[in-house]
Amino acid sequence: MRIPAQRRGAADTASTLPARRGGPVRFRSSRPDLLLCGALLLAIVLVQGWNITNFPTLSDDEGTYLAQAWAVQQGRGLAHYTYWYDHPPLGWIQIAGLTYLPSLFVPDSMTVAPMRFSMLAVSAASAVLLYVLARRLRLPRWAAGLAMGLFGLSPLSVVLQREIFLDNIAVMWMLLAFCLAASPSRHLWHHFASGLAAATAVLTKETMLVVLPALLVTMWRHSHRDTRKFAVTGAVTACALIGLTYPLYALLNAELLPGSGHVSLVDGITYQMGRAGSGFILDPGSGSHGVFESWLYYDTVLPLGGLAGAVLLLTTTRWSVTARALAGPALAAVILGLVALRPSGYLPAMYVIQALPFLALVLAGGAASVTHAVLRRRRAPGERRVLAYGRWALVGVLAAAAAAYVLPRWYDGNRTALTVDANAPYRQAAAWLGREVPDPASTRVLVDDALWLDAVHHGFAPGPGAIWFYKADLDPAVTKTLPRGWQDIDYVVSSPTVRRDAVTLPNVKAALEHSTPVAVFGEGEDRIEIRRTDRVANGS
């Protein structure tokens, strides 16, 4: 069903920004938009792809999602150990699809560092969707390009979007949902598809659930008032029906409710909701503050400037057409900010990924609004030429000041991402395991998940041979194969993650205490030690 362009309602979402006067923006038929978006996309892919295997440091989370994707590819189930409903599995199922062809032709490449290239496709799709969304929200062309550049080239984005995180894939789906919700055609199927895309985003990373109210605001503002109730009802229904497939899966497997001898969805949710908090983000001694500082180390403009701009937009929607046009993205940024400000909440490093596109949109919209005010506010017909030149000069000064503040900081951050090799110790440790262990098929080694697939490719048995170190204490299916605890383990690969979490893992802690380094790669806190347990030394 096609709805004609709304006439009276145009002022609701209209902007006095220049692009508005040209009517709805058709991205695919606009050569200037295609050229600008294509040029920015090339720059983003080059910056994010260069040195992608060497920086940032491989993380255990990346290894976990990739190992679970490997299990899907190999037909071993939804995870490389028992799937326990920690996250919906759709995220790593998509990773399995993205990495399927490379793993088919070069099986040994199915490890964390090479597979980061698959995230370039996700980043590229998200960047293009953000440009389309900005144009559909009536930002001028240059502002849409600015949003895309802020999103894809900020050092904070470059570092986090390189990593194999579910959040990056979920952001892509949520941006698609916003694009469909703001479609200028206002077809009902666009809104239904928006609900489907939003459900996919939530099933990819469940934390996207908090962004749904902002999507609803965008859909409400951009739907035709005569069909709004059908559009919104259809979108909500589509989202709910797809979302319910997750508990339905658990129900069909008799794993919805807690019980003896099996995992359950309720147990998984209870664990996630009950995780120990990392403290208040503004408390200098808290873990959340450390995460917050790590974001600001790479970029202060996007997190702080974007959040301040989002709050300002939401408080000025009554007077500002730009604020009304960007109400949905601004609300998303504020909601995510409020969730991060929970006094006792858990704040992981990748949390900010969900907010990055909305922060970029808000900043670009703010820049467009200021530019428009300088160039057009109180301009009278026949304005003197010298005054018009003065307006443009002021815009030039403001743009130069912003560039002088941002570009040197971004240059430093991106230079680190483009030149530093932070993963040499991991590569050396993986090579040592493949070269120095004489009989890997009958050897048991504790590793973090960043190295788990390397160990599997070197011949260690996946599961009881190459053991993800958490499982040595937390998975009954693994602990029963270790009746003598550390004495049933041959090697421990002591990475920063293993040393940090061994405090609460008795078997891992004992294995570290009863072992001796046989190879050390790197130095300081980031070193990787391969430790042989006393069991091997004593010949037991």
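These numbers come from a predicted model, not from an experiment. (Residues numbered from 1 in each chain as written. Predicted model: local features only at pLDDT ≥ 70, side-chain atom pairs only at ≥ 80, totals over all residues. Heavy atoms only, no water.)

Chemist: Quick question: what am I supposed to make of the packing of helix 19 (residues 327–340) against helix 20 (residues 356–376) here?
Modeler: Two packed helices can be described by the angle between their axes and the distance between those axes. The contact between helix 19 and helix 20 brings their axes to 8 Å, and the two run at 130°. One finds that helix 19 runs oblique with respect to helix 20. Helix-helix and strand crossings are classified by hand; for helix 19 and helix 20 the assignment is left-handed. Residue-level inspection shows P329, A330, A332, A333 and L336 of helix 19 in contact with helix 20, the latter providing F358, L359, L361 and V362. Classifying every residue of the contact of helix 19 with helix 20 by side-chain character gives nine nonpolar, no polar and no charged. (Axes fitted to C-alpha atoms, helices over the stretch in contact; angles between N-to-C directions. Helix = DSSP H or I, 4+ residues; strand = E, 2+ residues; numbered from the N terminus. Parallel < 35°, antiparallel > 145°, perpendicular 65-115°, else oblique. Left-handed = near helix turned anticlockwise from the far one by under 90°. Contact = heavy atoms within 4.5 Å. Nonpolar A, V, L, I, M, F, W, Y, C, P; charged D, E, K, R; others polar.)

Chemist: Explain the packing of aromatic side chains to me, please; I cannot follow it from the model alone.
Modeler: The geometry of an aromatic ring pair is captured by two quantities: the separation of the ring centres and the angle between the planes. Tallied over the entire structure, the rule returns 13 aromatic pairs. Aromatic side chains Y83 and Y85 sit 4.8 Å apart centroid to centroid with 45° between the ring planes, which places their arrangement in the tilted category. Neither Y83 nor Y85 differs from the other in exposure class; each is buried. With a centroid separation of 5.4 Å and 85° between ring planes, the pair formed by W468 and Y470 is classed as edge-to-face. Like Y470, W468 is buried. Its guanidinium or amino end placed over the ring of W220, R228 lies 5.0 Å from that ring's centre, counting from NZ or CZ. Here the guanidinium or amino end of R409 rests over the ring plane of Y405, the centre of that ring lying 3.9 Å away. (Phe/Tyr/Trp six-rings, centres within 6.5 Å; stacked < 30°, edge-to-face > 60°. Buried < 20%, exposed > 50% of the residue type's maximum accessible area, 1.4 Å probe, protein only. Lys NZ or Arg CZ within 6 Å of the ring centre and 35° of its normal.)

Chemist: Explanation requested: the layout of surface pockets in the structure shown.
Modeler: Once rolled over the atoms, a probe with the size of a water molecule shows which space is left empty. Its volume calculated, the second largest pocket comes out at about 900 Å³. Lining the second largest pocket are 32 residues; nearest its centre among them are L146, L363, G366, A367 and A402. Where the lining of the second largest pocket is concerned, the elements lending two or more residues are helix 8 (141–153), helix 17 (301–315), helix 20 and helix 21 (385–419). Ranked by the residues each element gives to the lining of the second largest pocket, the list is headed by helix 21, at nine residues. Across the lining of the second largest pocket, the residue classes break down as 22 nonpolar, 10 polar and no charged. (1 Å grid on protein atoms, 1.4 Å probe; cavity = no way out; pocket = protein on both sides within 12 Å on 5 of 7 lines; lining within 4 Å. Points joined across faces, edges and corners; volume = space filled by probe spheres on them.)

Chemist: Is there a simple way to explain empty space enclosed by the protein in this structure?
Modeler: Applying the stated rule across the entire model yields three cavities of 30 Å³ or more. Reported here for the largest cavity is a volume of approximately 50 Å³. Of the residues assigned to the lining of the largest cavity, the class counts are five nonpolar, four polar and two charged. A volume near 40 Å³ is recorded for the second largest cavity. Mapped by element, the contributors of at least two residues to the lining of the second largest cavity are helix 7 (118–136) and helix 10 (166–181).

Chemist: Quick question: what am I supposed to make of the sheet that holds strand 2 (residues 466–468) here?
Modeler: Pairing between the strands of a sheet comes from backbone hydrogen bonds, and it takes one of two forms, parallel or antiparallel. One open sheet holds the five strands; their spatial order is 2-1-3-5-4, and the pairing between them is mixed. Of all strands in the sheet, those with a lone pairing partner are strand 2 and strand 4 (515–521), marking the two edges. Between one strand axis and the next, the sheet turns through 25° on average, direction left out of account. Two elements, strand 3 (residues 491–494) and strand 5 (residues 528–533), share four bridges in a ladder whose sense is antiparallel. Its bridge partner being in strand 5, V493 is matched across the sheet by I530. Together, strand 1 (445–447), strand 2 and strand 3 form the strand contacts of helix 23 (residues 449–457), whose direction differs from that of strand 2 by roughly 165°. (Pairing = 2+ DSSP bridges.)

Chemist: Before we go on, may I ask you to explain the environment of Q48 in this structure?
Modeler: With respect to the helices and strands, Q48 occurs in helix 2 (residues 31–49). Given the relative accessible area of 1%, Q48 is considered buried. Sequence separation between Q48 and E383 is 335 residues; the distance between their C-alpha atoms is 46 Å. At a separation of 3.0 Å, a polar atom in the side chain of Q48 contacts the side chain of S123. (Polar contact = N/O pair within 3.5 Å; in protein donor to acceptor, adjacent residues only side chain to side chain.)

Chemist: Teacher, can you tell me more about the pairing of strand 4 here?
Modeler: Remark: a regular strand shows side chains that alternate across the two faces of the sheet. Examined bridge by bridge, strand 4 and strand 5 share six bridges and lie antiparallel to one another. Following the sheet pairing, A519 is matched in strand 5 by I530. Hairpin connection of strand 4 to strand 5: six residues between the antiparallel strands, including G522 at a positive phi of 80°.

Chemist: Explanation requested: a nonpolar patch on the surface in the structure shown.
Modeler: A grouping of Y100, L101, L104, F105 and V106 is seen on the molecular surface, where their side chains present a nonpolar patch of about 540 Å² in accessible area. Overall, L104 belongs to the partly exposed group, its relative accessible area being 47%. (Patch = residues over 30% accessible without salt bridge, like charges linked within 9 Å, V, L, I, M, F, W, Y side chains within 5 Å. Areas by Shrake-Rupley, 256 points an atom, 1.4 Å probe, with all protein chains shown as cover. Salt bridge = Lys/Arg side-chain N within 4 Å of Asp/Glu carboxyl O.)

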